[in-house]
Amino acid sequence: MDTKGLEDSAILLMSLGEEEASEVFKLLAPKEVQALGETIAKMKSIPRERVDGVLERFAVVASEQSMLVSDTDEYVKSVLRKALGDDKANLLIDRILQGGDISGIESLKWMDAGSVAELLRNEHPQIVAAILVHLDYDQSSSVLKCFTERQRNEVLVRIATLDGIQPAALKDLNEVMSKVLAGGDKLRKASLGGVKTAAEMINLMGGSIETSVLDYIREADNELAQKIMDNMFTFDDLEKIDDKGIQLLLKEVQSESLIIALKGATPEMREKVFRNMSTRAAETLREDLEGRGPVRVSEVEAEQKEMLKVVRRLADEGQIVLTTGGDDEFL
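Reading the values: the criteria
Residues numbered from 1 in each chain as written. Predicted model: local features only at pLDDT ≥ 70, side-chain atom pairs only at ≥ 80, totals over all residues. Heavy atoms only, no water. Helix = DSSP H or I, 4+ residues; strand = E, 2+ residues; numbered from the N terminus. Contact = heavy atoms within 4.5 Å. Areas by Shrake-Rupley, 256 points an atom, 1.4 Å probe, with all protein chains shown as cover. pLDDT = per-residue confidence, 0-100. Axes fitted to C-alpha atoms, helices over the stretch in contact; angles between N-to-C directions. Parallel < 35°, antiparallel > 145°, perpendicular 65-115°, else oblique. Nonpolar A, V, L, I, M, F, W, Y, C, P; charged D, E, K, R; others polar. Expected span 1.5 Å × (residues − 1). Buried < 20%, exposed > 50% of the residue type's maximum accessible area, 1.4 Å probe, protein only. Core = buried A, V, L, I, M, F, W, Y, C linked by side-chain atoms within 4.5 Å. Salt bridge = Lys/Arg side-chain N within 4 Å of Asp/Glu carboxyl O.

Draft legend 1. Up close: the overall build of the chain. Each helix and strand in the chain was counted, giving 20 helices and zero strands. By sequence separation, contacts in the chain at least 24 residues apart represent 72% of the contacts at least 6 residues apart. Total accessible area on the chain stands at roughly 21900 Å², and carbon and sulfur atoms take up 52% of it.

As structure tokens, then:
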């Protein structure tokens with residue numbers, strides 16, 4: 001539509017009033033709404049003669065239109081079924097009317113390319129292709145630009161080889177998109193990723209890869225690397241070390257540090273330590289723990305971290321074996 005056509009349409013909508021104009025807007029495509037909205041915003045004053053001229057032309061055009069059937073969809077269904085029978089007609093009806101059942105996909109036309117790309121980023125290329133062919137070319141191309149080169153190429157290959165979409169498949173796809181978009185503001189990011197997740201992944205990579213990854217992260221962000229390392233071990237995880245490993249650890253830790261660290265330990269962890277000491281040493285440690293007054297949490301955490309560093313060194317030297325198993329987070 002040229003500039004004059006947009007202006008005439010804008011004048012007509014403003015003449016209808018807010019309620020009626022809003023109903024018209026509901027029937028327009030996103031680009032049409034945007035174009036008309038911008039035109040209305042720019043039209044500050046309009047000569048009365050032009051308003052009258054627009055209304056007169058509209059009245060003439062409207063009088064020439066005649067609604068032959070109130071519900072064209074139902075008319076098509078009825079005629080085809082009578083002519084072809086239910087089975088053949090239903091197959092043809094699906095193909096004829098399938099375009100009217102893509103309200104979920106149509107909603108994407110109101111979104112910016114970056115948001116659409118984010119919604120589709122993890123979908124299979126075939127699904128992405130089936131959705132993008134329903135969008136305007138410029139919007140589809142903008143969405144594709146947001147993808148990686150590999151994903152973009154895979155989607156374009158499927159678009160190029162797409163030979164229609166089965167009505168049932170389109171219906172399923174539309175329903176999925178409708179459910180995703182229905183969340184609107186209720187959609188929230190899932191609690192995925194983060195330091196702890198990275199730590200758990202690195203734990204499973206093995207010694208050499210683990211060292212390489214942490215060195216790389218440390219060069220880029222030393223603080224982040226430290227947070228990951230802190231999350232790779234927790235003091236309670238030491239319960240999973242075998243008795244021989246605990247005995248090696250106790251040889252490396254000063255008595256004072258051990259007392260403070262165990263002030264924040266679970267009863268199970270304390271018993272594990274006592275079990276791996278001589279009877280006399282264990283009894284002395286029990287008395288020291290009971291006789292020691294309150295200790296700041298920061299002091300306890302500091303000593304526990306020092307013990308974890310010792311565990312890490314012993315593991316790197318091969319003296320302690322750290323294993324995973326079951327639902328355990330680590331060790």
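Draft legend 2. Looking closely at the confidence of the model for the chain. Per-residue confidence for the chain gives a mean pLDDT of 76; residues scoring 70 or more make up 73%. Note that pLDDT drops below 50 for residues 184-192; the model gives that stretch one contact with residues more than four away or on any other chain. When the criterion is pLDDT under 50, residues 323-331 qualifies, and its contacts beyond four places in sequence or with other chains add up to 21 contacts.

Draft legend 3. Main features of the packing of helix 1 (residues 3-16) against helix 4 (residues 48-64). The contact between helix 1 and helix 4 brings their axes to 10 Å, and the two run at 90°. Taken together, helix 1 and helix 4 sit at an angle that is classed as roughly perpendicular. For the pair helix 1 and helix 4, contact is made by Lys 4, Glu 7, Asp 8, Ile 11, Leu 12 and Ser 15 and by Arg 50, Val 51, Val 54, Leu 55, Arg 57 and Phe 58, respectively. Residues that form the contact of helix 1 with helix 4 fall into these classes: six nonpolar, one polar and five charged.

Draft legend 4. Representation of helix 20 (residues 297-316) within the structure. Spanning 20 residues, helix 20 covers 29 Å between terminal C-alpha atoms, matching the ideal 28 Å at 1.5 Å per step. All of the buried residues in helix 20 are Val 300, Gln 304, Met 307, Leu 308, Val 310, Val 311, Arg 312, Leu 314 and Ala 315. Two residues or fewer after helix 20 comes Gly 318, characterised by a positive phi angle close to 85°.

Draft legend 5. Fine view of the nonpolar core. Residues Phe 235, Leu 238, Leu 258, Leu 262 and Leu 285 are the most contacted members of the largest nonpolar core, which totals 24 residues. Where this core is concerned, the elements lending two or more residues are helix 16 (243-252), helix 17 (255-262), helix 18 (267-275), helix 19 (279-291) and helix 20. Per-element tally for this core: the top contributor is helix 20, with five residues. If we ignore the near neighbours within four places in the chain, the residues touching Phe 235 are Ala 261, Leu 262, Ala 265, Met 269, Gln 304, Met 307 and Leu 308. Core analysis: the second largest hydrophobic core is formed by 14 residues, Val 116, Val 128, Ile 131 and Leu 132 among them.

Draft legend 6. Spatial organisation of the pattern of salt bridges. Inspection of every chain in the model, using the stated rule, returns 15 salt bridges. Across the pair Asp 8 and Lys 4 runs a salt bridge, and its minimum N-O distance is 3.0 Å. Here Lys 4 and Asp 8 lie together in helix 1, a separation of four residues that amounts to about one turn. By relative accessible area, which is 47% here, Lys 4 ends up partly exposed.

Draft legend 7. Spotlight on helix 18. Where helix 18 is concerned, the buried positions are Met 269, Lys 272, Val 273 and Phe 274. On the buried face of helix 18, the contacting elements are helix 16, helix 17 and helix 19.

Draft legend 8. Broad picture of the environment of Val 51. Tracing the sequence through the fold places Val 51 in helix 4. The class of Val 51 is buried, set by a relative accessible area of 12%. Along the backbone, Val 51 and Leu 12 are 39 residues apart, and their C-alpha atoms lie at a distance of 7.7 Å. Setting aside anything within four residues of it in sequence, one finds Val 51 in contact with Ile 11, Ser 15 and Ile 46.

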